[in-house]
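For reference, the chains in residue letters:
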Amino acid sequence: MIRNRNFVLLWVAQWISAAGDTFSFLALAVRIDSLYSDPGGSAKALGAVMIAYTLPVLLLGIFAGTIVDRQDRKLVMVLSDVVRALLAPGYLLLRSAADLPLAIAFAFMLAAFSVFFYPARTALIPSIVGKDELMSANGWMQLGQTIARLSGPILAGIVVGRWGTDIAFLVDSASFLTSAVLLLGISGVATRAFQANEQVATAWRSLKEGVRYILTSRLLQSITIGIALAMFGIGAIDVLFVPFLRDAFGVAPGALGGVQAAQGFGMLVGGLLLGALGKLLKPRVVAVASMILLALGIALFGGAPGYTAALICIPLVGFALPPLNASLQTMLQAGVPEKMLGRASAVMEMAISLATVISMGSAGFLGALIGIRRTYFAGGVLVFLGAVALGLLLPKAYSPAAAEQQSLPLETAPAD
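Residues numbered from 1 in each chain as written. Predicted model: local features only at pLDDT ≥ 70, side-chain atom pairs only at ≥ 80, totals over all residues. Heavy atoms only, no water.

*Asks:* How should I be thinking about the overall build of the chain in this particular structure?
*Replies:* A tally of regular secondary structure across the chain gives 14 helices and 0 strands. Along the chain, helices (α) and strands (β) appear in the sequence α-α-α-α-α-α-α-α-α-α-α-α-α-α when read from the amino end. With 416 residues in all, the chain has 51% of them scored as buried. Intrachain contacts of the chain at a sequence separation of at least 6 include 87% that bridge at least 24 residues. Accessible surface, the chain as shown: approximately 17700 Å² in total, 70% of it carbon and sulfur. (Helix = DSSP H or I, 4+ residues; strand = E, 2+ residues; numbered from the N terminus. Buried < 20%, exposed > 50% of the residue type's maximum accessible area, 1.4 Å probe, protein only. Contact = heavy atoms within 4.5 Å. Areas by Shrake-Rupley, 256 points an atom, 1.4 Å probe, with all protein chains shown as cover.)

Structure follows, in structure tokens:
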């Protein structure tokens, strides 16, 4: 993959943009916390901002996917980066608690343009790499996100600590502009689903066509079920990390950094192996095996007898995530018609977001009702059931014959 200039540009652009996002997230959390003397008020404000980040995926996903399938996908990504670069400095206006509505508004708008970016990226990858390289390409993309997740917070912490939150917001803006410039360098490949001289259906007809495909595609439904069930389990881990470490092991909240680092290490190893061995692996097998490992990791983490044991178990969760995400994306890219990829990818993003919101919202309630350990075990069982469902559904949905059968004829505008 390193010899593919277009892929390297896309990979670096994603890493820079994702790392830049961590600057804004950390700086915004620090800025909001400094505006409230009451920790409860700060938590509520941060919660409102997080909801604003989540809503656009649910409200705009299918519409964004329709636009991605009708327009030049590289151009959609570049414009999304440029607009987000202009929006990111808006957080500089947050000077008092009374300015919270501004933070919510800018969070919503930033997330709204991200909704266009990610389906366009997923739909563009098959144009950049060969079909036999899709698994490796998606593995490298997952690895890039992992590196950003590990390096971004460290760099952001240094910047915020030394120069303050204002500089961090500007760094995020600069990361979007850098990403846009790199994406402009992608050339020599088809970046749109339709030819320039090809007449296409109206936006409304394209939207209805996408909904019809979503309702009939067994492959898309199988992938959506798999990723949603996986996120149900992962959401529980994210929400209950700190109380679990405190109540089960009696360690300070700062110990969360060690757990996150251990999980990040597992993700790094998983991404590296997948990037190197992707051509040799079958996406369907990887998806099911990864969900089984993820289920096992969540259950073992919840049952860990001590902090050291938890540090040993949590890398298994991290290790399973890159292969799971990459295999599901590969099946999506290989099994969905090119002219439907934007809409199909948007549906997967919507499923991830909705499952995450539901999981995070219910995890605290379940933790109080049945205990945190049992909640983790229940999450592991749920993910395992997802693996069973994928194992039963994918053989019928992910095959050349099934793909051909599920590919609906794409409507075009009538010729004059």
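*Asks:* Looking at this model, I keep getting lost on the environment of Phe 176. Mind explaining?
*Replies:* Note that Phe 176 resides in helix α6 (residues 165–184). Leaving out residues up to four positions away in the same chain, Phe 176 has contacts with Ser 17, Asp 21, Asp 81, Arg 84, Ala 85, Ala 88 and Leu 110.

*Asks:* Explain the nonpolar core here, please?
*Replies:* One recurring pattern in soluble globular proteins is that nonpolar side chains are buried together. Counting 75 residues, the largest nonpolar core has Leu 294 and Phe 301 as its most contacted members. The leading source of residues in this core is helix α8 (residues 218–249), at 14 residues. Those residues in contact with Phe 301, other than ones at most four positions away along the chain, are Phe 241, Phe 244, Val 259, Ala 310, Cys 313, Ile 314 and Tyr 376. Grouped together as the second largest cluster of nonpolar side chains are 25 residues, Ile 32, Ala 52, Leu 87 and Tyr 91 included. (Core = buried A, V, L, I, M, F, W, Y, C linked by side-chain atoms within 4.5 Å.)

*Asks:* Is there a simple way to explain the packing of aromatic side chains in this structure?
*Replies:* Aromatic ring pairs are reported here in terms of the distance separating the ring centres and the angle at which the planes meet. Using the criterion set out here, one finds 5 aromatic pairs in the structure. With a centroid separation of 6.4 Å and an interplanar angle of 35 degrees, the aromatic rings of Phe 113 and Phe 116 are classed as tilted. With Phe 113 and Phe 116 both in helix α4 (residues 100–128) and 3 residues apart, this pair spans about one turn of that helix. Aromatic side chains Phe 301 and Tyr 376 sit 5.4 Å apart centroid to centroid with 65 degrees between the ring planes, which places their arrangement in the edge-to-face category. (Phe/Tyr/Trp six-rings, centres within 6.5 Å; stacked < 30°, edge-to-face > 60°.)

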